[in-house]
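Letter by letter, the chains look like this.
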Amino acid sequence: LSTKGKDISGNVTWSVSPSTTGITIIDNKLTVSSADAGEYTVTATPNEGECQGNAATATFKVTPATITNPTVTITGFGKGQPVTDAKATAANMTVACGWYTGEGTPGEDNVATGKFAANSPYTLTLILTPNKNYKLADNTTVTVEGLDSQKMASLTIHENSGVAIVTATTGA
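Computed from a predicted model, the values in this text were never measured in an experiment. (Residues numbered from 1 in each chain as written. Predicted model: local features only at pLDDT ≥ 70, side-chain atom pairs only at ≥ 80, totals over all residues. Heavy atoms only, no water.)

With respect to the nonpolar core
Okay, so step 1: One finds Val72, Ile74, Trp99 and Leu126 to be the most contacted residues of the largest nonpolar core, which totals 26 residues.
Okay, so step 2: Once residues lying within four places of it in the same chain are set aside, the contact partners of Leu126 are Val72, Ile74, Ala88, Val95, Ala96, Cys97, Val144, Gly162, Val163 and Ala164.
Okay, so step 3: Counting six residues, the second largest nonpolar core, distinct from the first, contains Val16, Ile23, Ala35 and Val42. (Core = buried A, V, L, I, M, F, W, Y, C linked by side-chain atoms within 4.5 Å. Buried < 20%, exposed > 50% of the residue type's maximum accessible area, 1.4 Å probe, protein only. Contact = heavy atoms within 4.5 Å.)

Below, the structure is given as structure tokens:
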């Protein structure tokens with residue numbers, strides 16, 4: 001509005017920096033539809049001959065969505081299945097997994113290879129990395145499905161990834 005209370009928004013040129021297709025100005029209304037997380041500056045520059053004054057700016061942030069208590073689904077775990085076929089998936093993130101024989105601390109000396117053996121314990125290390133525009137909540141617990149039973153594990157957060165370790169036993 002002008003100093004006299006008149007709507008002058010049609011008499012300025014709008015811009016957003018950094019430029020993105022996820023932020024638009026239509027009918028003098030700012031709409032954020034799919035912008036990446038980050039800081040943006042909106043500038044209103046007076047059109048020459050239509051209004052007076054200097055350009056005005058406003059800054060705002062688009063924050064990443066927080067993932068709390070995600071569920072990881074394991075497929076391909078079971079007696080006789082190739083270890084390399086066992087996969088882990090979760091919504092809004094990538095999941096890397098490592099399989100180790102026995103229960104306890106995963107290490108180079110107990111990396112699982114070949115096929116899962118019958119009635120055998122395995123330790124699974126999961127590394128959850130949120131997709132762009134997401135972050136893991138602190139003190140997050142992950143639910144792991146698709147093993148011998150549903151498992152719960154606390155995530156240890158390192159930068160923007162979380163690590164969880166669970167154990168499971170194959171069937172007969």
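Structural notes on the sheet that holds strand E8 (residues 87-89)
Okay, so step 1: Read from one edge of the open sheet, four strands run E8-E7-E12-E13, paired in mixed fashion. Only two strands of the sheet have a single partner each, and these edge strands are E8 and strand E13 (151-154). With direction set aside, neighbouring strand axes in the sheet form an average angle of 25°. (Pairing = 2+ DSSP bridges. Helix = DSSP H or I, 4+ residues; strand = E, 2+ residues; numbered from the N terminus. Axes fitted to C-alpha atoms, helices over the stretch in contact; angles between N-to-C directions.)

Focus: the side chain of Thr143
Okay, so step 1: As for its position among the elements, Thr143 is in strand E12 (residues 141-145).
Okay, so step 2: Those residues in contact with Thr143, other than ones at most four positions away along the chain, are Pro70, Thr71, Val72, Gln150, Lys151 and Met152.

With respect to the packing of aromatic side chains
Okay, so step 1: A complete count under the given rule lists six aromatic pairs for this structure.
Okay, so step 2: Aromatic pair Phe77 and Trp99: ring centres 5.0 Å apart, planes at 5°, arrangement stacked. A residue pair is termed long-range when its members are at least 10 positions apart, and Phe77 in the loop between strand E7 (71-75) and E8 and Trp99 in strand E9 (residues 93-101) qualify at 22 residues. With respect to burial, Phe77 and Trp99 carry one shared label: buried.
Okay, so step 3: Note on Phe77 and Phe116: the rings are 4.9 Å apart at their centroids and 70° apart in plane angle, and the pair reads as edge-to-face. Linking Phe77 in the loop between E7 and E8 with Phe116 in the loop between E9 and strand E10 (121-130), this pair joins segments that are 39 residues apart in sequence.
Okay, so step 4: Among the aromatic residues, ring-to-ring pairing joins Phe77, Trp99, Phe116 and Tyr122 into one connected group. (Phe/Tyr/Trp six-rings, centres within 6.5 Å; stacked < 30°, edge-to-face > 60°.)

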